[in-house]
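# Chains, contacts and geometry: an overview
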Amino acid sequence: MNNPLKVKEIIARGYINPSKLPGADYVINPYVGCPHRCIYCYAEFMKRFSNHDEPWGTFTDVKIRSTSSRPLDLQEKNVFLSSVTDCYNPLEEKYGLTRKLLLQMRQSGAGITILTKSALVLRDMDILAQLPDVTVGFSMNTTDDAFRQDTEPAASSVPERFYALKTLHEKGIRTWVHVSPIFPYLSDWKTLVETAAPFTNRFSFENLKLRAASLPRVLLYITRRHPQWRQTYEQIFRRQDMTYWRGLRKEILAFCNERKLAAAVHFSEKLPVRH
Ligand code: SF4
């Protein structure tokens, strides 16, 4: 996935779409495709709907304009950015679409939730501070930046994400850490939780789920870099053995309860292997 990134400016039908995700009435995805190149990417299935033949991670469409001028009533609605790709991917630095959309929603009365792997969100602290109901979440699954570099090569580093989390928290902006995706035996989630706890209001946890495209890629990575876990990963991901996840769910809840941390575990019982 080291091909140069192909960027295309497109005109979208609209930026905001109704959502069936729990806790979100609407979702906003200003970009199609994502340059972060996570090896396990969950959004790769979107390629089917994007009219692209290139490998996922090598293209991004930028919704520079929308044909819809219809204003939506967002009063007391929950809006989530982004549900499919990262709204603070590196192209946001140039295009500022997420920034513009946040500016437009300042007076909307919407509850806004952002989830990102990027410290670029700090650029918009001036707007975030003006939003009456906003939560900024960071997806993180390790405190080991070498592991992060292997698995999320173009996203912000571990220190950058911790710095962004701490800065937002200190400015009074509600934060959340989404411990995701947990790689069995490789994600040091306990250290991550203890390091982040002073700077966040809550945690959520999600297990690694591998689809047809990401399964061989991740297993190849495990074989090359962590061969001692190859058999275990085969058992969990090819044979769909949920024993590990069931034990981990209990362990996470006990760990967080003991420290009086707000935590929700969202583990899928059935792991998708194709889409
Ligand atoms: S940040 Fe999300 S959408 Fe982007 S590559 Fe990583 S998993 Fe995929």
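These numbers come from a predicted model, not from an experiment. Note on numbering: residues in each chain are counted from 1, in written sequence order. Where local features are concerned, this predicted model is filtered to residues with pLDDT of at least 70; where side-chain atom pairs are given and counted, the filter is 80 or more; whole-chain, interface and lining totals use all residues.

## Here we look at the site of the ligand
In this text, near has one meaning. A residue is near a molecule or strand if its C-beta atom, placed using the backbone, is within 6 Å of it. Taken together, Cys-34, His-36, Arg-37, Cys-38, Cys-41, Tyr-42, Ala-43, Thr-85, Asp-86, Lys-117 and Ala-155 make up the full set of residues near the ligand. Its residues assigned to classes, the shell around the ligand shows 6 nonpolar, 2 polar and 3 charged. Note that Gly is not counted as nonpolar here; it falls among the polar residues with everything else outside the nonpolar set of Ala, Val, Leu, Ile, Met, Phe, Trp, Tyr, Cys and Pro and the charged set of Asp, Glu, Lys and Arg.

## Quick look at the sheet that holds strand 1 (residues 6–12)
The pairing criterion for strands is at least two bridges between them, as found by DSSP. Labels follow the DSSP assignment, with helices taken as runs of H or I lasting at least four residues and strands as runs of E lasting at least two, numbered in each case from the N terminus. Taken together, 3 strands build an open sheet; the order of strands is 1-5-4 and the sheet is mixed. The open sheet has two free edges, formed respectively by strand 1 and strand 4 (31–32), since each of these has just one partner strand. Bridge count for strand 4 against strand 5 (residues 59–66) is 2 bridges, and the pairing is antiparallel. By the bridge assignment for strand 5, Val-32 is matched with Asp-61.

## Quick word on the nonpolar core
Ranked by size, the top nonpolar core spans 53 residues in total, and within it Val-79, Val-177 and Val-179 carry the most contacts. The contacts of Val-79, once residues within four sequence positions are left out, are Asp-25, Tyr-26, Ile-28, Leu-74, Met-105, Ala-110 and Ile-112. Structurally, a nonpolar core is described as a collection of buried Ala, Val, Leu, Ile, Met, Phe, Trp, Tyr and Cys residues joined by way of C-beta atoms within 7 Å. With C-beta atoms placed from the backbone, a residue is labelled by how many other C-beta atoms lie within 10 Å of its own: buried for 20 or more, exposed for 12 or fewer, partly exposed between the two. What counts as a contact here is a pair of residues whose C-beta atoms, placed from the backbone, lie within 7 Å.

## Concerning the pairing of strand 5
Side-chain direction in a regular strand flips from residue to residue, so the side chains alternate between the two faces of the sheet. As paired elements, strand 1 and strand 5 share 7 bridges and run parallel to each other. Within strand 5, the residue paired with Glu-9 across the bridge is Val-62.

Worth remembering: the numbers are spatial, not functional.
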